[in-house]
Amino acid sequence: MNDYRGLLIKKQRKELDISLEALSHGVCSPSYLSKIENNILVANDDIYNLLFKKLGISTMDTIKEEKIKQMLDLFFKYYMSSDSKIFKVMDELLEYKDEVVSSCLFVQYQLFLLYASEMNSQINISLAEVEAYYSYMDDSQREYFNLFRLSSGNMELSDNEEWIFIRRLKAKANLYAYQKNTFAAYDLYKTCLNYAIELGNKKLIAEILCSLGWLCLDIDLNQAEKYYTSAAQYDSQYKMLAFFNLGATMIQHKDCMEKGNQYLKKGLKSCTDDFFAVNFAVKYKEALFVYAILKENIHDAKRLIKELDDSKYIDVFSMMLNEDYQLNVDYRNRLKELKNDSSLFKFLFIKNCEYLHKYKEICVANNFI
């Protein structure tokens with residue numbers, strides 16, 4: 001049984017000093033009410049509403065309750081997929097804090113507050129407060145609670161726990177990373193990695209190593225390289241992702257451009273004929289094309305662009321083949337649109353801004369403008 005409303009009825013009845021017999025009269029038997037209060041059975045909504053009415057407890061409109069339920073489901077869905085839309089849903093849900101007290105959604109809402117407290121320092125709720133409602137949680141809610149307890153260091157995985165716990169811990173680490181809470185993300189990724197190694201799941205180990213590599217790309221490129229290459233050794237399927245992220249990042253750094261080019265070439269060779277790999281091959285060729293342009297190797301760039309018909313950025317790459325392409329207004333405008341698509345386009349956008357700044361200095365020095 002897992003309906004919090006029984007506990008609410010019990011608390012309110014005792015506060016008002018009403019007996020079981022008096023409250024249950026005309027609604028149900030005293031023994032039936034006792035079972036409701038002690039979480040032995042869940043009644044239908046009509047009985048709860050009648051008991052609430054007798055106790056003076058206001059009930060929530062069913063349409064609003066359904067709306068809140070959908071938002072709570074969406075919150076946890078976004079949480080587990082590390083979707084940034086979670087913040088908008090969180091802000092909207094917080095507006096209903098005082099209205100869910102008499103709703104069957106109360107326990108789910110407490111779990112929401114527990115998770116949201118990590119993203120909003122103004123939310124004050126403890127693990128112990130939510131644990132008080134553990135017996136009123138359903139299986140799904142208990143899993144979310146245990147996940148939080150696990151990631152807080154207050155619970156150890158037992159030998160028979162499913163690896164889904166680790167994947168959900170990893171989702172939490174992803175969220176930290178998107179919030180730029182780098183150290184918290186790194187520590188949680190390392191915790192996930194240790195658990196995955198204990199379970200001996202090589203594919204999961206490789207996935208977490210790739211996440212650690214991704215986290216380190218902008219902080220310590222050498223460390224990122226170690227994580228990514230280890231991932232490729234654990235599971236060859238992750239070689240495509242690992243070598244692309246390494247290569248596409250390294251070609252943006254003058255001192256390791258050539259190493260990045262080599263990773264891109266190796267990764268491209270690992271792309272097989274399945275749908276996912278074919279699409280990944282396009283990404284590799286896009287990065288190799290950018291490398292060729294940066295190295296002013298027009299011959300390689302023209303060869304590669306013939307294989308980029310499937311790229312949705314073909315217009316940008318075509319413009320890059322022209323002389324003084326960085327001064328092209330269409331090129332500059334497209335980079336503004338694409339700078340958030342990937343780190344590669346962000347790099348090209350910044351590089352183009354730097355170029356235009358230098359170009360302006362040259363023009364001023366020569367009295368051109």
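Computed from a predicted structure; not experimentally measured. (Residues numbered from 1 in each chain as written. Predicted model: local features only at pLDDT ≥ 70, side-chain atom pairs only at ≥ 80, totals over all residues. Heavy atoms only, no water.)

On to the environment of Thr62. Residue position: Thr62 is located in helix H5 (residues 62-80). Since its relative accessible area comes to 60%, Thr62 is described here as exposed. (Helix = DSSP H or I, 4+ residues; strand = E, 2+ residues; numbered from the N terminus. Buried < 20%, exposed > 50% of the residue type's maximum accessible area, 1.4 Å probe, protein only.)

So, about the packing of H5 against helix H6 (residues 86-93). Interhelical geometry of H5 versus H6 gives an angle of 145° and a closest axis separation of 9 Å. In the crossing of H5 with H6, the sense of the turn from one axis to the other is left-handed. Counted together, Lys67, Ile68, Met71, Leu72, Leu74, Phe75, Tyr78 and Tyr79 of H5 and Ile86, Val89, Met90, Glu92 and Leu93 of H6 form the full contact between these two elements. A per-class count over the contact of H5 with H6 returns 11 nonpolar, no polar and 2 charged. (Axes fitted to C-alpha atoms, helices over the stretch in contact; angles between N-to-C directions. Left-handed = near helix turned anticlockwise from the far one by under 90°. Contact = heavy atoms within 4.5 Å. Nonpolar A, V, L, I, M, F, W, Y, C, P; charged D, E, K, R; others polar.)

This part covers the nonpolar core. Grouped burial of nonpolar side chains is what soluble globular proteins tend to show. Of all hydrophobic cores here, the largest spans 127 residues; its most connected members are Ile9, Ile68, Phe75, Phe112, Phe289, Phe317 and Met320. Here this core takes 12 residues from helix H16 (residues 275-294), the largest share from any one element. If we skip the residues at most four places from it in the chain, Phe75 touches Ile86, Val89, Met90, Leu93, Phe112, Tyr115, Ala116 and Met119. (Core = buried A, V, L, I, M, F, W, Y, C linked by side-chain atoms within 4.5 Å.)

A full pass over the atoms with the stated rule returns 19 aromatic pairs. Measuring from centroid to centroid gives 5.2 Å for Phe106 and Tyr133, while their planes differ by 85°, and the two rings are edge-to-face. Of this pair, Phe106 sits in helix H7 (residues 106-116) while Tyr133 sits in the loop between helix H8 (127-131) and helix H9 (139-151), placing them 27 residues apart in sequence. Taken together, Phe75, Phe76, Tyr79, Tyr109, Phe112, Tyr115 and Tyr144 form an aromatic cluster joined through their ring pairs. Positioned over the ring face of Tyr48 is Arg5, at 3.9 Å from the centre of the ring. Positioned over the ring face of Phe349 is Lys339, at 5.5 Å from the centre of the ring. (Phe/Tyr/Trp six-rings, centres within 6.5 Å; stacked < 30°, edge-to-face > 60°. Lys NZ or Arg CZ within 6 Å of the ring centre and 35° of its normal.)

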